[in-house]
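A closer look at the structure
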Amino acid sequence: MSARILLVEDEEKLARFVELELVHEGYQVEKSGNGREALEMALAESFDLILLDIMLPGLNGLEVLRRLLKEKEVPVILLTARDAVMDKVSGLDAGAVDYITKPFAIEELLARIRVALKLHMVQPSTEEHKTEEGVLTWGKLRLDEPRHRVTCDRQEIFLTNREFLMLKTLLENQDIVMSRDTLLNRVCGYDFAGETNVVDVYIRYLRSKIDDVFGMKMIHTVRGVGYVIKSEKDSL
Ligand code: CA
């Protein structure tokens, strides 16, 4: 089945053009030109990807992003103005997977959409395993992927999307040393243009939110290579 995309853009000409291109590529497209309406649609319906303009009537894109990601996990690509550097930074911090600067070449947007969809492919969950499906644990730590929730000792830990993805990748690969490149690809996407030391920054955030708070040593550094979470029997 083709991916379903919500396109949130109030410039009608641009929205119509992007919609035509997306439909031509075989995507199913829903459109909204109002932040408040878009948030309602995104919460009520299931989309595989959201393209989100920042300057919107009703509710601005960053606010839509924050409120949306509090409720559900969905890849969001921001459409930003050329000079809006702070918007990009705040958007990525708030959990957007990528952004593209207007005006953009449609081929570039399509490429970014393909990457985002590939990285965030959701596995259909079966009814009977609904409660424990997608739950990863380490000691008292519990990462519930479908609910996008992390707890330790029943205390909720609030992570950004990228911190969440980083922790999930490490928890899924316990005892396997993950290189900075691999982590970067999983967390930021294959076309991320930054340096791999971004990974160190996210690891530091994770340690300060988890290891430091709960007095444990979960994430180990493997010098010159990357990071590993050792299975709990070796670490506790
Ligand atoms: Ca706009």
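Residues numbered from 1 in each chain as written. Predicted model: local features only at pLDDT ≥ 70, side-chain atom pairs only at ≥ 80, totals over all residues. Heavy atoms only, no water.

**Section: the sheet that holds strand S10 (residues 178-179)**
Rules: When DSSP finds two or more bridges between a pair of strands, those strands are recorded as paired. Working definition: helices are DSSP H or I runs of at least four residues, strands are E runs of at least two. Numbering for both runs from the N terminus. Any two residues whose heavy atoms approach within 4.5 Å are treated as being in contact. Axis lines are fitted to C-alpha atoms, over the contacting stretch for helices. Their N-to-C directions set the angle, which ranges from 0 to 180 degrees.
The strand order S10-S12-S11 describes an open sheet built from three strands, whose pairing is antiparallel. On the outer flanks of this sheet lie S10 and strand S11 (219-222), each paired with one strand and no other. Two strands pair when backbone bridges link them, and S10 and strand S12 (residues 226-229) are joined in this way by two bridges, in the antiparallel orientation. Looking at the pairing, Ser 179 lines up with Gly 226 of S12. Strand contacts of helix H6 (residues 161-172): S10, S11 and S12, with the helix running at about 65 degrees to S12, the strand carrying the most contacts.

**Observations regarding the layout of surface pockets**
Here is the rule: For cavity detection a 1 Å grid was placed over the protein atoms alone, and a set of points counts as a cavity when a 1.4 Å probe fits there but cannot get out; an open set counts as a pocket when protein lies on both sides within 12 Å along at least five of seven lines, with lining residues being those that have an atom within 4 Å of a point. Grid points are joined across faces, edges and corners, and a volume is the space filled by probe spheres set on the points.
Considered as a void within the structure, the second largest pocket measures approximately 380 Å³ in volume. What lines the second largest pocket is a set of 17 residues, and nearest its centre among them are Leu 69, Lys 70, His 148, Phe 158 and Leu 159. Those elements that provide at least two residues to the lining of the second largest pocket are helix H3 (61-71), strand S8 (149-152), strand S9 (155-157) and H6. A per-element tally of the lining of the second largest pocket places H3 first, with three residues.

**Description of H6**
Keep this limit in mind: The span you would expect from a helix comes to 1.5 Å times its residue count less one. We call a residue buried when its accessible area falls under 20% of the maximum for its residue type, exposed when it is over 50%, and partly exposed in between, using a 1.4 Å probe and counting protein chains only.
For H6, which comprises twelve residues, the first-to-last C-alpha distance of 16 Å matches the rise-based estimate of 16 Å (1.5 Å per residue) to within 8%. With eleven of its twelve residues buried, H6 lies for the most part within the structure. Here H6 has its buried residues at Asn 161, Arg 162, Glu 163, Phe 164, Leu 165, Met 166, Leu 167, Lys 168, Thr 169, Leu 170 and Leu 171.

**With respect to the packing of aromatic side chains**
Defined as follows: Pairing of aromatic side chains here covers Phe, Tyr and the six-membered ring of Trp, requires ring centres within 6.5 Å, and sorts the geometry by plane angle: under 30 degrees stacked, over 60 edge-to-face, intermediate tilted.
Within this structure, the stated rule accounts for one aromatic pair. Measuring from ring centre to ring centre gives 6.1 Å for Tyr 202 and Tyr 205, while their planes differ by 75 degrees; the resulting arrangement is edge-to-face. You can see Tyr 202 and its partner Tyr 205 sitting in helix H8 (residues 197-214), three residues apart, about one turn around the helix. For Tyr 202, a relative accessible area of 10% translates into the label buried. Its relative accessible area of 40% is what places Tyr 205 among the partly exposed residues.

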